[in-house]
Amino acid sequence: MEMLVLKLEKDIDMPLYEQIYEKIRVDITDGKLPVGMKLPSKRKLGEFLDVSQTTIELAYGQLIAEGFISSIPRKGFYVQAIEELAYVRPIKNTKMATIEEQDSIDFDFSPGHIDTDSFPFTQWRKYAKEVIDESSKNLLLLGDPHGDIELRQEIARYLYHSRGVDCTPEQIIVGSGTEQLMPLVIRILGTGATYAIEDPGYPLTHHVFFHNNREAIPIHVDDEGIDVQSLQQSDATIAYVTPSHQFPTGTVLSAARRTALLNWASSQEEHFIIEDDYDSEFRYAGRPIPSLQGMDKGDSVIYLSTFSKSLMPSLRIAYMVLPNVLLERYKDAFIHYASTVPRLDQHILARFMADGHFSRHLNKMRKIYKRKLQTLTETLIPYAPHVSFSGDEAGMHIIVTVHTGESEQMLTTAAEKVGIRLYGLNSYRTTPILGEPSFLIGFGGLSVHSITDAINNLMRAWGIRKT
Ligand SMILES: Cc1ncc(COP(=O)(O)O)c(C=O)c1O
């Protein structure tokens, strides 16, 4: 029996057993240790490598568990036949880095975090149990590629009553997230389409245009929303907008610009608007903002929304409402594509909505987020005029601007030093601008108490006192 010559490193951040396991695994997958070969006993290999027998035991145990070697009682350990590519290298270092990174952060103002304490687990569990019941066997098979009709009917009903969206369930396509639906939209709009994007705007969808090799023209956003005049003067044929609550500035597209935008869309057959209505459920002041889709007479709005904010981002359920002219193109292009959302999840959600829990959950969350927002703004007010805020009528984040002369980078670093993660507005722009720095301050994921603590700590770190 050959001894295994394995070079171990004592100074690296990887336990010895893992190094031994890893080296033997690689030698097996590379064919250097042939199938059927007998490995040295734990004692002999331990002595040879000058490590304890327990270390070898751990390494062999891992190799046995993953099927690389087998243990035959009273005989020894033998290399097993493995299927090609049966093994995927674990990405341990990345995971450790993330955990370490998170450890040093006490308060994260991410605009994407939701309140996880108020999720209706009891109802969700009840519907999950019902759906996983044996009588639902047919849910084990593939369903409607556009999403099961039960869910699409609920979405259509909800959209009509809460957003004034006028559509039939047949126009709705359910998919696993906005960024998963966007490439489908891009494909049906064809290679000739040129996109206008809001600047600042939602980086994820902007990346989707880029990755799909589509030209995207940034259009400036001011306090009335996207500058429709600039859009009209551009070569864009498709406008991707967040009119009810512009991401990230929080402005609402003014009535005049809404009309102008819809007129631009109906002026040419190949013009379309992609209306991303991602968090319209959470509006705390003023009148509800009607959807552009509901105002549109020209069948030129593609309406997109998601359950990421209203329920949970990990659910990965979003949907789009296609104008009839594009629905036909969609059916032709994606006839063989199954839905990207598991049917069990679709049915849990459909039942949750049908029994009125979704509306109840939204009412509850609106109150919770409103209270958090109030706490946030009340904590900020005494620090004026050194800081000011905007975008506080809707959603789960506001924009805070700092008037102390420091740069975005300096303020971000100062915050990180005291365990606060910030999101500078410049990262949402196509080109960063100099001037007074602004930050997205997400409050959804923080408790009322931690909002007050986080803001007071932040102001202290920035050297700003109450006035
Ligand atoms: C503008 C915008 N659109 C869409 C989404 C949600 O995307 P998804 O459905 O992929 O979670 C977000 C989430 O933060 C958003 O900010």
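What you are looking at is a predicted structure, and each value in this text was computed from that prediction instead of being measured. (Residues numbered from 1 in each chain as written. Predicted model: local features only at pLDDT ≥ 70, side-chain atom pairs only at ≥ 80, totals over all residues. Heavy atoms only, no water.)

A. Here's a closer look at empty space enclosed by the protein. Taken as a whole and judged by the stated rule, the model has one cavity of 30 Å³ or more. Approximately 30 Å³ is the volume found for the largest cavity. Along the lines of polarity and charge, the residues of the lining of the largest cavity split into four nonpolar, two polar and two charged. Inspection of the lining of the largest cavity shows a minimum of three residues originating in each of domain 2 (99-117 + 360-461) and domain 3 (121-356). (1 Å grid on protein atoms, 1.4 Å probe; cavity = no way out; pocket = protein on both sides within 12 Å on 5 of 7 lines; lining within 4 Å. Points joined across faces, edges and corners; volume = space filled by probe spheres on them. Nonpolar A, V, L, I, M, F, W, Y, C, P; charged D, E, K, R; others polar. Domains from an automatic or database assignment.)

B. Spotlight on the nonpolar core. Among the nonpolar cores identified, the biggest contains 62 residues, and F307, L311 and W462 are the most heavily contacted of them. Per element, the largest residue contribution to this core is seven residues, and it comes from helix α14 (residues 357-380). Setting aside chain neighbours within four positions, we find F307 in contact with I155, M312, L315, I317, Y319, L349, M353 and F358. Of all hydrophobic cores here, the second largest spans 26 residues; its members include I173, I238, A318 and L327. (Core = buried A, V, L, I, M, F, W, Y, C linked by side-chain atoms within 4.5 Å. Buried < 20%, exposed > 50% of the residue type's maximum accessible area, 1.4 Å probe, protein only. Helix = DSSP H or I, 4+ residues; strand = E, 2+ residues; numbered from the N terminus. Contact = heavy atoms within 4.5 Å.)

C. Broad picture of the sheet that holds strand β3 (residues 76-79). Reading across from one edge, β1-β3-β2 is the order of the three strands in this open sheet, with antiparallel pairing throughout. The strands lining the two open edges of the sheet, one partner per strand, are β1 (38-39) and β2 (69-72). Pairing of β1 with β3, which is carried by two bridges, proceeds in the antiparallel orientation. Following the sheet pairing, K38 is matched in β3 by Y78. Each of β1, β2 and β3 touches helix α3 (residues 53-65); the most contacted strand, β2, lies at about 110 degrees to it. (Pairing = 2+ DSSP bridges. Axes fitted to C-alpha atoms, helices over the stretch in contact; angles between N-to-C directions.)

D. Inspection of the sheet that holds strand β9 (residues 238-241) at higher detail. Here eight strands make up an open sheet; going across it, the order is β5-β12-β11-β10-β9-β6-β7-β8 and the pairing mixed. Only two strands of the sheet have a single partner each, and these edge strands are β5 (172-175) and β8 (225-226). Two strands pair when backbone bridges link them, and β9 and strand β10 (residues 272-276) are joined in this way by four bridges, in the parallel orientation. By the bridge assignment, Y240 is partnered in β10 with I274. Against the sheet, helix α8 (residues 203-211) makes contact with β6 (195-199), β7 (216-222) and β9, and its axis sits at roughly 150 degrees relative to β6, the strand it touches most. Contacting β7, β8, β9, β10 and β11 (301-306), helix α10 (residues 255-267) crosses the sheet at an angle of about 135 degrees to β10.

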